[in-house]
Number of protein chains: 2
Amino acid sequence: MTHTVDTTNSPSARREDDAVQADAIESELDASARIPKRSGRASTSDVVVARTDVEWLGQYLLGTWADVRLGARELSARPDLQRIDGQTLDEHRARVSGQLKLLVEHGQVHRAFPESVGGADDHGGNIAGFEELVLADPSLQIKSGVQWGLFGAAVLHLGTEYHHKAFLPAIMSLEVPGAFAMTETGHGSDVAAIGTTATYDESAGEFVLHTPFRGAWKDYLGNAAVDGIAAVVFAQLVTKNVNHGVHAFYVPIRDAVTGEFLPGVGGEDDGLKGGLNGIDNGRLHFDQVRIPRLNLLNRYGDVAEDGTYSSSIESPGRRFFTMLGTLVQGRVSLDGASVAAAKVALTIAITYGNERRQFTAGSDTDEEVLLDYQLHQKRLIPKLATTYAASFAHEQLLTKFDEVFSGRADSDDDRQDLETLAAALKPLSTWHALETLQEAREACGGAGFLAENRLVGLRADLDIYATFEGDNHVLLQLVAKRLLSDYSRRFAKADFGVLARYVVEQAADKTVNGSGLRSLAQTVADFGSTARSVGQLRDASAQRQLLTDRVETMVGEVAAKLRPASKLSQKDAADLFNLHQSEIIEAARAHAELLQWEAFTEALEGSAGLTSGMHDGTRVVLTWLRDLFGLGLVEKHLAWYLMNGRLSPKRAQAVGLYTERLSARIRPHVQDLVRAFGYGPEHVRASIATGAEKARQTEARDYYRAARAAGTLPAPEKKPARKR
Amino acid sequence: MTHTVDTTNSPSARREDDAVQADAIESELDASARIPKRSGRASTSDVVVARTDVEWLGQYLLGTWADVRLGARELSARPDLQRIDGQTLDEHRARVSGQLKLLVEHGQVHRAFPESVGGADDHGGNIAGFEELVLADPSLQIKSGVQWGLFGAAVLHLGTEYHHKAFLPAIMSLEVPGAFAMTETGHGSDVAAIGTTATYDESAGEFVLHTPFRGAWKDYLGNAAVDGIAAVVFAQLVTKNVNHGVHAFYVPIRDAVTGEFLPGVGGEDDGLKGGLNGIDNGRLHFDQVRIPRLNLLNRYGDVAEDGTYSSSIESPGRRFFTMLGTLVQGRVSLDGASVAAAKVALTIAITYGNERRQFTAGSDTDEEVLLDYQLHQKRLIPKLATTYAASFAHEQLLTKFDEVFSGRADSDDDRQDLETLAAALKPLSTWHALETLQEAREACGGAGFLAENRLVGLRADLDIYATFEGDNHVLLQLVAKRLLSDYSRRFAKADFGVLARYVVEQAADKTVNGSGLRSLAQTVADFGSTARSVGQLRDASAQRQLLTDRVETMVGEVAAKLRPASKLSQKDAADLFNLHQSEIIEAARAHAELLQWEAFTEALEGSAGLTSGMHDGTRVVLTWLRDLFGLGLVEKHLAWYLMNGRLSPKRAQAVGLYTERLSARIRPHVQDLVRAFGYGPEHVRASIATGAEKARQTEARDYYRAARAAGTLPAPEKKPARKR
């Protein structure tokens, strides 16, 4: 391209252009509120007033496990389950330990366990309830997650009947608090490479657990520093001098009476952390510690008395991933808890932004409400849209999880879909929660920094969500792997001609299934005039096309670049992969964003009858919100769309204008949209979100109004006459 | 534009294209290391090996106040001045109060005060030393900032001889700890609108200080909750029933002996905060509290005994901004402290990333160092480049500050430049510090979340830097105001023809002065082939053009859109402004980024003789780093460059490839580049950055190597034969 002085880019030409586009956008948005009533035909009298039916929407957001959520929220509202800011490490740990006992008393934590041991076999409900505990104190959520969701779940999913009977009752009752000892100081994300060994001693019929070097100490384990009496320890299973890979073992670590480490077991306290200080994270190491053979959690791999290894899964790699796959619920619940935290953050910042006034913009006396400033809208409203998207996406994830774990739909494909979906959504929602908490904190200024307004505490606690239960970047790489394998399965030996044919074939079948790679026909669209193009952007199918096309193209490009890898040495193939690592992760992120968008869109258009009660006014508001989310994604990746010729510069400019105007349209509805999250003062517990700010503003304005009326307000100093 | 299936965008065509571009970039980078030696002509034998002269660069980074910085770092290395993690609120407050006394003993805090009262009249040195205290504990930095940089500085800069003599000695010695009572619960950024009044009572010759409503309580004040014996209180000065606007008053608030509030004074503790808990922030309110007339800090406005108001500055608006302008040092020092924190964060994350190994990518046994992964480079190295840019920019800001406050160059223009520069840089550096601390935390995984590795603590403390001493967005709006007024001064009644002529005239004079709007001729460049264009991108003048052009264009466009405002009602003008608020702030941000880029470039090319000792090898590395910063900015705003026809899609693609390759080139030098920051283990104090990780890795690798050699390593389970 030759760079010339282009008068269409002159300020004045651009300004007119913008005005034309802005007008087109406004009329398009007006039209969007004139959707035809469901039963009749559109006419001018059919104007639908955008209005949020808070009660209906609130119920809709509660989803399938509404009752469990409401019950857990009731628990979270109890002061004795809530965090007390400013406690010391020891006080906070003791409090949360005590709170776990309260959870047992209230029967809130056993849903996932089998009926045979007093549970309810309710996997989705279990996670739904667990997530809501984040409102009381994230330490409580995570500590109960450690006890029942990791330690207990490992016994449940990796153990067999014997272990369930022998260990689960005491785990469920909290008689035996335990640690989930997988991560080591030297190995976090790469679990397969851990150093701890469990070597079978045929003569004694025991496993010998051993930590061979400092890097193999178990680390960052909740319950390890103080409370843990036992642990599920992951170690390389060695028998007959063969390493069968990582397996899990049930290992007593402390004397239940004295609290002392058992012989051969040692450990350290991880000490103070950036958050979650109600949990006693620590390190463990083992010096030739002997445990009975039966303590191997042997669902996927067993060792006979004579030391013979057997497994129902022949491939060691597949066996490993199957075992790890049973622990997907950690990721599922972090996804949900992050969404809940983002909801609380926005409830606080939006309530405050709707009451707080600052600067007199358009009047001599009245100050403006923060949310009437465009910038404030831009900072918070797109995050509200993303939170809705993440919330609907989480409901899909939880449903999928429940289907797989209940056995209703647990084929290999289902399990793979579940794992991909969890690996895709957890990074996005955990980062989104952190960004939202931070933006909310800054949007509340100094008040946001006070512990009493909760944003800083929640942010500190949720910080680690981005790297635990799978580092976010590593998870996205897993997603990319799935996308690439979907791609290569389709195009194994395909040349470009085949690819093009495939694309055309796909045009007929746009149905989306599973969480793998989407495909969409490349439609040849004439984008015509500004007005036309503006309308098209807001069209759901245009958004779907833009988002899907990007994922598909990125995956295709990366796949092409990686294709030579099969002919290269291991080292050169790794280098080639590394050279494209950022692109790979970016493709996975794009895919995850698409999954969120699809979830939002299904929530709007869902055929499952769920949306049947949706009022037209609510539909208008939610559609704006979905459009803001979708176009916001396009805006975020605008350079890609321009570089790849998917959007003309003019249409690209319209995207930014569009998201701004959508925010302005949504602005009057934001308070309703956060009310629909359903968190009352007992959950939000932020003094700036109680109406106190409004009361202060009213008091101040009344004071000045009265003084003006009484003539007691001192006159302002006269401005000096302007000199010439 | 018509959207057609363009085969040049097909995966295979794109892949070849990328390869061509990548090759061109690599040879361009090779060429960049063959710069001619300073004295001779380039030849093939003149290859300069990229290599960082750590000692020289370290000295260079220390800047003008190197000795003061080194002295303050020595203090910061003392354990008794350092933070103890996990202290309670009360313990931490008491510790920091005690540390302030140690600072007095060490004579570190009086540099800015006049020689007449025992100070050194050294403004730049004072700030330089103050900034380095962030290494010991940000609470110590900010609490001493409250005492001497705000409370004391207000007496110094807003008071006159009487106040200096009467109050400064006890402030300097810490005999009188004090609060800086400007912000109110109801008014933060909009200081002019505070509610507290100071009404002159002629009969008594006293001011009556009063808080008329809850929103007018002073809030978030360091030293107010516990330690403060006095305060500088900002209030609306009322005399003879005229409000002369905000002035500052010296007000005793507590009995020095009992610590009780004086009659009429009340307050509250702000309690626990997200960070900086070594500071006792609190609230104050006044019920008809009487102070002597002479306690008005009367440098810019005075009240005679008979109640007559007088001021050397006629315009109330200008007077207000002049008073506030004297307090710019808060912003200057936050800028510097943020840069220091980013340096520490990168020292930790890069040291760890250089030692930590995870996943065997290209070999069966050896794991890769994290920083050899492209993604890890992408996460940290651009942040290193930005930190260098921010560091050089801060040195310019501090120099400007010293010139103005020493009186060496304190014209109105100088002061305005200083304020604009501070308002531009402080938002960027404070946000950058938070982003860098967070990225570093995540890059260190679970270890990053432990308090012992410092990242979480620093992040928690620095969080508030983004909104105090001026909310970052409000500051950027101030910058935009300056840019718009520069623009309108130039083009007051200009039509587009004049504008074009102006642009051409400017071509001859590209010298950059001050911190206001830049202009640059729009050169008509032929961007030719990929290879050529790739070379051009890395050229400093091309970067300058791209960055400057963007600022100028954005400001011009916004100015054009706002032009009708002068003919509108106040309300409509405010609405028009609000409609473009995001653009306005974005233009200011672009300008601030340009200022950072210019500072980096001047540090490389500076004519001041400063760079004379720079080795060619160091210059190569720093030039790569500057290019990474510059092209990183272009990449960040790529959509703008594409939409506005400044970059073709092909060149735009080259930008991303370029920054990736630059990161890879810089990667071998990153450890040297953080070593040059000059922070020793006594400053970094993170257990993962001590070499401990390397020792663990070595121990683990030695263990496996020895076991393999001895034949004692269990064999891996055989993979099952592949089924067909």
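Just so it is clear, the model here is predicted, and its values are computed rather than measured.

Definitions and cut-offs
- Think of each chain on its own: its residues are numbered from 1, step by step along the sequence as written.
- Chains carry letters and ligands carry numbers; both start at the beginning, A for chains and 1 for ligands, and go up in the order they are written.
- Residue-level local features of this predicted model are given only where pLDDT is at least 70; pairs of side-chain atoms are given and counted only at 80 or more, and the full residue set underlies all totals for whole chains, interfaces and linings.
- For the side-chain quantities, the full set of heavy atoms in the structure was used; hydrogens and water were omitted.
- Any residue with an atom within 4 Å of a point lines the site, the site being either a cavity, points on a 1 Å grid over the protein atoms alone where a 1.4 Å probe fits but cannot get out, or a pocket, an open set with protein on both sides within 12 Å along at least 5 of 7 lines.
- Grid points are joined across faces, edges and corners, and a volume is the space filled by probe spheres set on the points.
- We count a stretch as a helix when DSSP gives it H or I for four or more residues in a row; a strand needs E for two or more, and each element gets its number in order from the N terminus.
- Note on residue classes: Ala, Val, Leu, Ile, Met, Phe, Trp, Tyr, Cys and Pro are nonpolar, Asp, Glu, Lys and Arg are charged, and everything else, Gly too, is polar.
- Any two residues having at least one pair of non-hydrogen atoms within 4.5 Å are treated as being in contact.
- Joining two parts hides part of their accessible area as seen by a 1.4 Å probe, and the buried area is that hidden amount summed over both.
- Any carboxyl oxygen of Asp or Glu within 4 Å of a side-chain nitrogen of Lys or Arg constitutes a salt bridge here.
- Side-chain atoms alone can form a polar contact between residues adjacent in sequence; in general such a contact is a pair of N or O atoms within 3.5 Å, and within protein one must be able to donate a hydrogen while the other accepts it.
- Each residue gets one of three labels from its accessible area relative to the maximum for its type: buried under 20%, exposed over 50%, partly exposed in between, using a 1.4 Å probe on protein chains only.
- Note on aromatic contacts: the rings of Phe and Tyr and the six-membered ring of Trp form a pair at centre separations within 6.5 Å, being stacked when their planes are under 30 degrees apart, edge-to-face when over 60 apart, and tilted otherwise.
- Geometrically, a lysine NZ or arginine CZ counts as sitting over a ring once it is within 6 Å of the ring centre and also within 35 degrees of the ring normal.
- UniProt positions are given in the numbering used here, feature names are shortened, and annotations may be inferred rather than shown by experiment.
- Axes here refer to lines fitted to C-alpha atoms; in helices the fit is confined to the stretch in contact. Angles between the N-to-C directions go from 0 to 180 degrees.
- By definition in this entry, angles of less than 35 degrees are roughly parallel, angles greater than 145 are roughly antiparallel, angles of 65 to 115 are roughly perpendicular, and the rest are oblique.
- In this scheme, a crossing is called left-handed if the near helix is turned counterclockwise away from the far one by less than a right angle; it is called right-handed if the turn is clockwise.
- Least squares is used to superpose the copies, and the fit set is the C-alpha atoms of residues whose pLDDT is at least 70 in both copies.
- Pairing between two strands requires that DSSP report at least two bridges joining them.

Q: Quick one: what's the story with empty space enclosed by the protein, residue by residue and with numbers?
A: Tallied over the entire structure, the rule returns 5 cavities of 30 Å³ or more. When its volume is computed, the largest cavity comes out at roughly 900 Å³. If you trace the largest cavity, you find 44 residues lining it, with Lys273, Gly274 and Asn277 of chain A together with Gly274 and Asn277 of chain B closest to the centre. Elements supplying a minimum of two residues to the lining of the largest cavity: α4 (89-105) and α13 (455-462) of chain A together with α4 (89-105) and α13 (455-462) of chain B. Its boundaries defined by the atoms lining it, the second largest cavity holds a volume of some 50 Å³. Every residue along the wall of the second largest cavity is listed here: Ala480, Leu483, Leu484, Met554, Val555, Val558, Ile584, Ala587 and Ala588 of chain B. Counting only elements with at least two residues in the lining of the second largest cavity, the list comes to α14 (472-490), α17 (540-562) and α19 (581-605) of chain B. Residue classes in the lining of the second largest cavity are distributed as 9 nonpolar, no polar and no charged.

Q: Just give me the short version of the interface of chain A and chain B, but keep the residues and values in it.
A: Between chain A and chain B, the residue contacts involve 129 residues of the former and 129 residues of the latter. Buried area between chain A and chain B, summed over both chains or domains, comes out near 11000 Å², and the portion from carbon and sulfur atoms is 56%. Across the chain A-chain B interface, the total number found is 6 salt bridges. For arginine 441 of chain A, the salt bridge goes to aspartate 463 of chain B, with nearest N and O atoms at 3.0 Å. Our count for the chain A to chain B interface comes out at 52 residue pairs in polar contact (both at pLDDT 80 or more). For the side of chain A that touches chain B, the element with the highest residue contribution is helix α11 (residues 412-443) of chain A, accounting for 6 residues.

Q: Break down unusual backbone geometry for me, with residues and values.
A: Its identity as a non-glycine residue notwithstanding, arginine 454 of chain A has a phi of 70 degrees, on the positive side. Arginine 454 of chain A gets classed as buried once you look at its relative accessible area, which sits at 10%.

Q: Report on the packing of aromatic side chains, specifying residues and quantitative values.
A: Counted under the stated rule, the structure contains 38 aromatic pairs over all chains. Plain terms: the ring middles of phenylalanine 392 of chain B and phenylalanine 600 of chain B are 5.4 Å apart, the flat faces sit at 50 degrees to each other, and that makes the pair tilted. With a gap of 208 residues between them, phenylalanine 392 of chain B in helix α10 (residues 374-406) and phenylalanine 600 of chain B in helix α19 connect regions that are remote in the sequence. Members of the aromatic cluster, each reached through a chain of ring pairs, are Trp56, Tyr60, Tyr388, Phe392, Phe600 and Phe677 of chain A. Positioned above the aromatic ring of phenylalanine 321 of chain A is the side chain of lysine 481 of chain A, whose terminal nitrogen or guanidinium carbon lies 5.6 Å from the ring centre. Arginine 415 of chain B extends its terminal NZ or CZ atom over the ring of phenylalanine 405 of chain B, reaching a point 5.6 Å from the ring centre.

Q: Let's hear about the UniProt feature "domain: Acyl-CoA oxidase/dehydrogenase middle" (unreviewed entry) in chain A: which residues, and what values?
A: Those residues carrying the UniProt feature "domain: Acyl-CoA oxidase/dehydrogenase middle" (unreviewed entry) are residues 179-289 of chain A in this numbering. Annotation note: span residues 179-289 of chain A, helix share 0%, strand share 44%, distance between end C-alpha atoms 16 Å.

Q: An account of the packing of helix α9 (residues 329-353) of chain A against helix α10 (residues 374-406) of chain A is needed here, citing residue identities and associated values.
A: Residue and element names in this part refer to chain A. The interhelical angle for the contact between α9 and α10, taken along N-to-C directions, is 150 degrees, at an axis separation of 9 Å. Looking at the two axes, α9 sits roughly antiparallel to α10. For the crossing formed where α9 meets α10, the hand is left-handed. Along the contact surface, α9 presents Gln329, Val332, Asp335, Gly336, Val339, Ala342, Lys343, Leu346, Ala349, Ile350 and Gly353, while α10 presents His376, Leu380, Lys383, Leu384, Thr387, Ala390, Ser391, His394, Leu397, Leu398 and Phe401.

Q: Go over the packing of helix α11 (residues 412-443) of chain B against α14 of chain B, please, and point to the residues and values.
A: All names here are of chain B. Relative to each other, α11 and α14 sit at 140 degrees, their axes nearing to 9 Å. For the pair α11 and α14, the sense of crossing is left-handed. Mapping the contact onto sequence places Gln416, Asp417, Thr420, Ala423, Ala424, Lys426, Pro427, Thr430 and Trp431 in α11 and Asn472, His473, Leu475, Leu476, Val479 and Arg482 in α14. Of the residues assigned to the contact of α11 with α14, the class counts are 7 nonpolar, 5 polar and 3 charged.

Q: Give a description of the side chain of asparagine 298 of chain A that names residues and reports values.
A: All names here are of chain A. Checked against the element boundaries, asparagine 298 lands in the loop between β9 (289-292) and β10 (302-303). At 3.1 Å, the side chain of asparagine 298 and the side chain of aspartate 302 are in polar contact. Residue contacts for asparagine 298: discarding those within four places in its chain leaves Leu158, Gly159, Thr160 and His163.

Q: Describe the relation of the copies chain A and chain B, naming the residues involved and giving the relevant values.
A: Taken as rigid bodies, chain A and chain B are interconverted by a rotation of 180 degrees and an axial shift of 0.0 Å, the fit giving an RMSD of 0.0 Å. Taken together, the turn and the small shift mark the pair as related by a two-fold rotation axis. Using C-alpha coordinates, one finds that chain A approaches the rotation axis most closely at alanine 639 of chain A, a distance of 2.1 Å. When the interface residues of chain A are mapped onto chain B, 99% of them are again interface residues, pointing to one common binding face.

Q: Summarise the pattern of salt bridges; cite the residues concerned and give the values.
A: Throughout the structure, instances matching the rule amount to 82 salt bridges over all chains. Glutamate 583 of chain B is paired through a salt bridge with lysine 561 of chain B; the nearest N and O atoms lie 2.6 Å apart. A residue pair is termed long-range when its members are at least 10 positions apart, and glutamate 583 of chain B in helix α19 and lysine 561 of chain B in helix α17 qualify at 22 residues. Looking at lysine 561 of chain B, the relative accessible area reads 8%, which means it is buried. Residues joined by salt bridges that share partners form a network here, namely Asp219, Glu268, Asp270 and Arg283 of chain A together with Glu452 of chain B.

Q: Please provide a residue-by-residue account of the pairing of strand β6 (residues 242-252) of chain B, values included.
A: Counted residue by residue, β6 of chain B has 8 buried out of 11 residues, so it is predominantly covered. Summarising the sheet, strand β12 (residues 715-716) of chain A and β6 of chain B pair through 2 bridges and their orientation is parallel. In the sheet register, proline 716 of chain A faces β6 of chain B, and the bridge partner there is asparagine 243 of chain B. The pairing of strand β5 (residues 230-239) of chain B with β6 of chain B spans 9 bridges and is classified as antiparallel. Residue valine 232 of chain B lies in a different strand from β6 of chain B, and its bridge partner there is tyrosine 250 of chain B. Taken together, β5 of chain B and the strand that follows it, β6 of chain B, pair antiparallel across an intervening segment of 2 residues, in which lysine 240 of chain B is found at a positive phi of about 50 degrees.

Q: Tell me about helix α3 (residues 66-76) of chain B, and please be specific about residues and values.
A: Those residues of α3 of chain B lying buried are Ala66, Val68, Arg69, Ala72, Arg73, Leu75 and Ser76 of chain B. On its buried side, α3 of chain B packs onto α2 (54-62), α4, α5 (123-132), α10 and α24 (681-684) of chain B.

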